[in-house]
Amino acid sequence: AAQQGWAGLSRADACGLCGLWDLARLGGDAAKIVGRGTPLERKAWAVRTVGELLGLIDAGIGHEAFLAEARERSRGRFAHGCSPYLCYCPELAEA
């Protein structure tokens, strides 16, 4: 039954944007952007998006507002939306 959750999903679409707020609050000042084999446009999107989200954190965005923004960006990029199966921080994934 649990394997059915993977139906139609690809680990190439994994996301961890929601975790940036917590990592920044813990003092993290670097993030690895995965996708060595992905097209340049997708890498550019990831770098731009992470930079913009880190800017929101620096500006003082609250946690819930940040999660909403990160999830919206994920939905805008990946057809599947937020999924615990494709999240580097599954405890933050939308149910």
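Look a little higher up for the structure.
Note that the structure is predicted; figures quoted are calculated from it, not measured.

Visitor: Looking at this structure, how should I read the packing of aromatic side chains?
Guide: This structure, assessed with the given rule, holds 0 aromatic pairs. Over the ring of W45 we find R77; its NZ or CZ atom is 5.7 Å from the centre of that ring.

Visitor: Looking at this structure, I do not really get the packing of helix α2 (residues 40-58) against helix α3 (residues 63-77). What am I missing?
Guide: In helix packing, the relevant descriptors are the interaxial angle and the interaxial distance, both defined with respect to the helix axes. Relative orientation of the contacting elements α2 and α3 amounts to 170°, with a least axis distance of 11 Å. Considering the angle they form, α2 stands roughly antiparallel to α3. When you trace α2 past α3, the crossing you get is right-handed. Judged by residue contacts, E41, R42, W45, T49, E52, L53, L56 and I57 of α2 engage F66, E69, A70, R73 and R77 from α3. For the contact of α2 with α3, the class distribution of residues is 6 nonpolar, 1 polar and 6 charged.

Visitor: How should I be thinking about the nonpolar core in this particular structure?
Guide: Most often, soluble globular proteins have nonpolar side chains that are buried together. L17, L20, L53, F66 and A70 are the most contacted members of the largest nonpolar core, which has 19 residues in total. Breaking this core down by element, the ones donating at least two residues are α1 (20-25), α2 and α3. Considering each element in turn, this core owes the most residues, 5 residues, to α2. Leave out the neighbours within four places in its chain, and L20 touches A31, V50, L53, I57 and F66.

Visitor: How should α2 be read in this particular structure?
Guide: The end-to-end C-alpha distance of α2 is 27 Å, a good match for the 27 Å that 19 residues give at a rise of 1.5 Å each. What α2 keeps buried is the set R42, W45, A46, T49, V50, L53 and I57. Taken around the axis of α2, the buried residues stretch over an arc of 125°, which confines them to a single face. Turned more than 90 degrees off the buried face of α2, the exposed positions are L40, V47 and D58. Along its buried surface, α2 packs onto α1 and α3. Note on α2: the residue one or two positions beyond its end, G60, has a positive phi of about 100°.

Visitor: Help me understand the environment of Y88, please; the structure alone is not making it clear to me.
Guide: Relative to the helices and strands, Y88 is located in the segment after α3. Y88 gets classed as partly exposed once you look at its relative accessible area, which sits at 46%. Note: C-alpha distance between Y88 and A14 (74 residues apart in sequence) is 7.0 Å.

Visitor: Explain the pattern of salt bridges here, please?
Guide: Two side chains that carry opposite charge are able to pair once their charged atoms sit near each other. Enumeration according to the criterion identifies 4 salt bridges in this entry. One salt bridge in this structure joins R73 and E52, with 2.3 Å as the shortest N-O distance. Here R73 is found in helix α3, whereas its partner E52 is found in helix α2, with 21 residues between them in sequence. For R73, a relative accessible area of 21% gives the class partly exposed. Residue R73 pairs with E69 through a salt bridge whose shortest N-O separation is 2.8 Å. Highlighted residues: R73 and E69, both in helix α3, separated by 4 residues, approximately one helical turn.

Cut-offs applied
- Residues numbered from 1 in each chain as written.
- Predicted model: local features only at pLDDT ≥ 70, side-chain atom pairs only at ≥ 80, totals over all residues.
- Heavy atoms only, no water.
- Phe/Tyr/Trp six-rings, centres within 6.5 Å; stacked < 30°, edge-to-face > 60°.
- Lys NZ or Arg CZ within 6 Å of the ring centre and 35° of its normal.
- Axes fitted to C-alpha atoms, helices over the stretch in contact; angles between N-to-C directions.
- Helix = DSSP H or I, 4+ residues; strand = E, 2+ residues; numbered from the N terminus.
- Parallel < 35°, antiparallel > 145°, perpendicular 65-115°, else oblique.
- Left-handed = near helix turned anticlockwise from the far one by under 90°.
- Contact = heavy atoms within 4.5 Å.
- Nonpolar A, V, L, I, M, F, W, Y, C, P; charged D, E, K, R; others polar.
- Core = buried A, V, L, I, M, F, W, Y, C linked by side-chain atoms within 4.5 Å.
- Buried < 20%, exposed > 50% of the residue type's maximum accessible area, 1.4 Å probe, protein only.
- Expected span 1.5 Å × (residues − 1).
- Arc of directions from axis to C-beta.
- Salt bridge = Lys/Arg side-chain N within 4 Å of Asp/Glu carboxyl O.

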